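Letter by letter, the chains look like this.
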Amino acid sequence: MNWGQPWEEINRKVDLIMNAQSDINAANTAIVALLTDLAAQTAAIGVDLRDLSAKLSGVVDTNALSATVQKVQGVQSALDDAVTSLTTEATATSTSTSTPTSTSTSTSTGTSASTSF
């Protein structure tokens, strides 16, 4: 029986899994960057809307503008929460990514060896 072949297959599959995890981590990082940028842009829009509302106050009816400012602030809050959640998840994922490499190999090795007997 060729013992090298099952090990090669296990190593190949571990490599595939780790590459896929690396791609997921990269995509997650890109999403966090996008959400961070969106949150910054939303904050800037909110400031501009509040300034405009203050300048127009008393000159025209700004009720609709005030309602829009509140909606933008709600969106910003949701984006902030999303960025925090993704950042936390990305940190947890990247921290745990190094652990499964050695654990997967040793677990797969034990499973493969016992199955081969």
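Up top is the structure these notes are about.
No experiment lies behind these values; they were computed from the predicted model shown.

**Q** Would you take a moment to explain the environment of isoleucine 45 for this structure?
**A** Residue placement: isoleucine 45 occurs in helix α1 (residues 4-56). When the C-alpha positions of isoleucine 45 and valine 69 are compared, they lie 8.6 Å apart, and in sequence the two are 24 residues distant.

**Q** Explanation requested: the pattern of salt bridges in the structure shown.
**A** Opposite charge on two side chains allows them to pair when their charged atoms are near. One pass over the full model with this rule turns up two salt bridges. Among the ionic pairs, glutamate 9 bridges to arginine 12, the shortest N-O distance being 2.8 Å. In this pair, glutamate 9 and arginine 12 both sit in helix α1, three residues apart, roughly one turn of the helix. The partly exposed category is assigned to glutamate 9, whose relative accessible area is 32%. Between glutamate 9 and lysine 13 there is a salt bridge, and its shortest N-O distance comes to 3.7 Å. Taken together, the residues span about one helical turn, with glutamate 9 and lysine 13 both in helix α1 at a distance of four residues. Among the residues examined, lysine 13 registers a relative accessible area of 45% and is labelled partly exposed. Beyond isolated ion pairs, a larger network of salt bridges with shared partners links Glu9, Arg12 and Lys13.

Cut-offs applied
Residues numbered from 1 in each chain as written. Predicted model: local features only at pLDDT ≥ 70, side-chain atom pairs only at ≥ 80, totals over all residues. Heavy atoms only, no water. Helix = DSSP H or I, 4+ residues; strand = E, 2+ residues; numbered from the N terminus. Salt bridge = Lys/Arg side-chain N within 4 Å of Asp/Glu carboxyl O. Buried < 20%, exposed > 50% of the residue type's maximum accessible area, 1.4 Å probe, protein only.

In short, geometric facts, not functional conclusions.
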